[in-house]
Amino acid sequence: SGTVLFLRRFLSRDAIDGRSITLIEKYSKLLDSRPIPVKAFTAAVIAAFGDTVCQIYENSNVSEELSEGEKRDKGSGPVVDFARTARFVLVGGFMFAPVAHFWYGLL
């Protein structure tokens, strides 16, 4: 798929003028050539990682109070709500990143 090809090209090491391009140099080149998609992808990855870590931390308590006053054990349900993470990725990657790009361009 397109994403796999993009990642293969992004992560591969190319030789230009006899020297290797590091991952940071590739990222910088892509950021210069396609700033909005790269910033959106970066923000989406950071949002997914941050929300996943947050959910794991929230669910790390042995038990938590539910709205009905019942107790839920740590192992009795999903640790990560993937629908919540997907929503967070959509907001972070596809709404915040483009708006922030243009906002900081105005400053």
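These numbers come from a predicted model, not from an experiment. (Residues numbered from 1 in each chain as written. Predicted model: local features only at pLDDT ≥ 70, side-chain atom pairs only at ≥ 80, totals over all residues. Heavy atoms only, no water.)

### Some details on the packing of helix 2 (residues 23–33) against helix 3 (residues 35–58)
Line of reasoning, step 1. In contact at an axis separation of 5 Å, helix 2 and helix 3 are set at 125 degrees when each is read in the N-to-C sense. Compared by their axis directions, helix 2 and helix 3 come out oblique. On helix 3, the residues touching Tyr27, Leu30, Leu31, Asp32 and Ser33 of helix 2 are Pro35, Val38, Lys39 and Thr42. (Axes fitted to C-alpha atoms, helices over the stretch in contact; angles between N-to-C directions. Helix = DSSP H or I, 4+ residues; strand = E, 2+ residues; numbered from the N terminus. Parallel < 35°, antiparallel > 145°, perpendicular 65-115°, else oblique. Contact = heavy atoms within 4.5 Å.)

### Quick look at the confidence of the model for the protein chain
Line of reasoning, step 1. This prediction gives the protein chain a mean pLDDT of 79; 64% of its residues lie at or above 70.
Line of reasoning, step 2. Within the protein chain, strand 1 (residues 15–16) has the poorest average pLDDT of any element, 50, and helix 3 the best, 93. (pLDDT = per-residue confidence, 0-100.)

### Focus: the pattern of salt bridges
Line of reasoning, step 1. Inspection of the entire model under this criterion finds two salt bridges.
Line of reasoning, step 2. Its salt-bridge partner being Arg84, residue Asp51 comes within 2.9 Å of it at the nearest N-O pair. Residue Asp51 is found in helix 3, and its partner Arg84 is found in helix 4 (residues 82–106); the two are separated by 33 residues along the sequence.
Line of reasoning, step 3. The salt bridge involving Arg84 is made with Glu58; its shortest N-O contact spans 3.1 Å. Of the two residues, Arg84 is situated in helix 4 and Glu58 in helix 3; the sequence distance between them amounts to 26 residues.
Line of reasoning, step 4. For Arg84, a relative accessible area of 26% corresponds to the partly exposed category.
Line of reasoning, step 5. Each of Asp51, Glu58 and Arg84 takes part in one network of salt bridges that share partners. (Salt bridge = Lys/Arg side-chain N within 4 Å of Asp/Glu carboxyl O. Buried < 20%, exposed > 50% of the residue type's maximum accessible area, 1.4 Å probe, protein only.)

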